[in-house]
Amino acid sequence: MTNSPPVVFLVDDDPSVLKALGRLLTIKGFEARPFSTPGAFLREHDPTVPGCILLDVAMPERTGLELQKLLTSAQPIQPVIFISGNSDIPTSVSAMKEGAFDFLTKPVAGKTLLAAIRKAIAKDAETRRRRSAQDRMKALVSALTKRERDVFDLVVTGKLNKQIAGTLGIAEKTVKVHRARMMSKMGVRTLAELVQVAERIGAIAHDGP
């Protein structure tokens, strides 16, 4: 856990906008990282940094929509809030379809902007917590032995011990041993908890051996 303030990446070709937004965000406790061009942003952007992206729509080098598509096609990124001085419905619809968190029109009231940024940062934090939990669960599954993984795959599909034994060609009591070890390694006590784990990591649809 870090005590660093949330980062707001600002991308806007208007220096006065960057300066005003940077001052406002700093006063409100955020870390503002301003970029005057999409290229400058791409060279320094780090998607692992928690926060959000405040992105202008109309820029000469590359539009905000083009930058958004480029970023989201490559990797998960922080939530994007668009700000535009000449917005139209098709542009805003396109941005939202591509996954934008919000679309605001300039001039933006400070209260409205800050509310959107706080919500975007909260969403980013929740997304990162969920991904981290999924990674931990996947690591636990990866640490199972081959036979424990076989049992895992069949248990989460609702198979009984006797059915699993028949499928794997082993004794039912052996299934019980592998099942108990597997449940212990996964840190769960009930079938419902195990199924939840499988669903979270996308393993519930595994066909099994």
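Residues numbered from 1 in each chain as written. Predicted model: local features only at pLDDT ≥ 70, side-chain atom pairs only at ≥ 80, totals over all residues. Heavy atoms only, no water.

> I'm lost on the pairing of strand 3 (residues 51-56) in this one. Help?
On a regular strand, one side chain projects to one face of the sheet and the next to the other, so that they alternate. Within strand 3, six of the six residues are buried, leaving the element largely enclosed by the surrounding structure. Note: strand 1 (residues 7-11) against strand 3, five bridges, orientation parallel. Looking across to strand 3, one finds that L10 is bridged to L54. When strand 3 meets strand 4 (residues 80-84), the two strands line up parallel, connected through four bridges. Bridging from a neighbouring strand, I53 pairs with V80 of strand 4. (Buried < 20%, exposed > 50% of the residue type's maximum accessible area, 1.4 Å probe, protein only. Helix = DSSP H or I, 4+ residues; strand = E, 2+ residues; numbered from the N terminus. Pairing = 2+ DSSP bridges.)

> Explanation requested: the pairing of strand 4 in the structure shown.
Of all the five residues making up strand 4, five are buried; the element is thus mostly covered by neighbouring parts of the structure. Residues V80, F82 and S84 line one face of strand 4 and the alternating positions I81 and I83 line the opposite face, and both faces are buried. Assessed by its sense of winding, the connection that carries the chain from strand 3 through helix 3 (residues 64-74) to strand 4 is right-handed. With four bridges connecting them, strand 4 and strand 5 (residues 102-105) associate as parallel partners. (Right-handed = clockwise from strand over helix to strand, strands pointing away.)

> Hey, could you run me through helix 3 in this one?
Along an α-helix, a turn takes 3.6 residues, which lines up residues three or four apart on a common side. When we look at burial in helix 3, the residues that qualify are G64, L65, L67, Q68 and L71. The buried residues of helix 3 all sit within an arc of 160° when viewed along its axis, so they share a single face. Within helix 3, the exposed residues directed more than 90 degrees away from the buried face are S73 and A74. In this structure, the buried side of helix 3 is in contact with strand 1, helix 2 (38-44), strand 3, strand 4 and helix 4 (89-97). (Arc of directions from axis to C-beta. Contact = heavy atoms within 4.5 Å.)

> What should I look at first to understand the environment of V151 in this one?
Mapped onto the elements, V151 comes out in helix 6 (residues 146-155). Once the C-alpha coordinates of V151 and M182 are considered, the two residues, 31 residues apart in sequence, prove to be 7.9 Å apart. Contacts of V151, omitting those with residues within four sequence positions, involve I164, L168, H178, R179 and M182.

> Got a minute to help me understand the pattern of salt bridges in this structure?
Note on pairing: side chains with opposite charge can pair once their charged atoms come close. Scanning the entire structure with this criterion turns up nine salt bridges. In this structure, D56 and K106 form a salt bridge, with 3.4 Å as the shortest nitrogen-oxygen distance. One end of the pair, D56, is in strand 3; the other, K106, is in the loop between strand 5 and helix 5 (110-142), and 50 residues separate them in sequence. Of the charged contacts, one joins E126 and R129 as a salt bridge, the two residues approaching to 3.0 Å between their closest N and O atoms. Here the residue E126 and the residue R129 both occupy positions in helix 5, the gap between them amounting to three residues, near one helical turn. Salt bridges sharing partners connect three or more residues here, namely D12, D56 and K106. (Salt bridge = Lys/Arg side-chain N within 4 Å of Asp/Glu carboxyl O.)

Without other data, these values stay purely geometric and don't point to any function.
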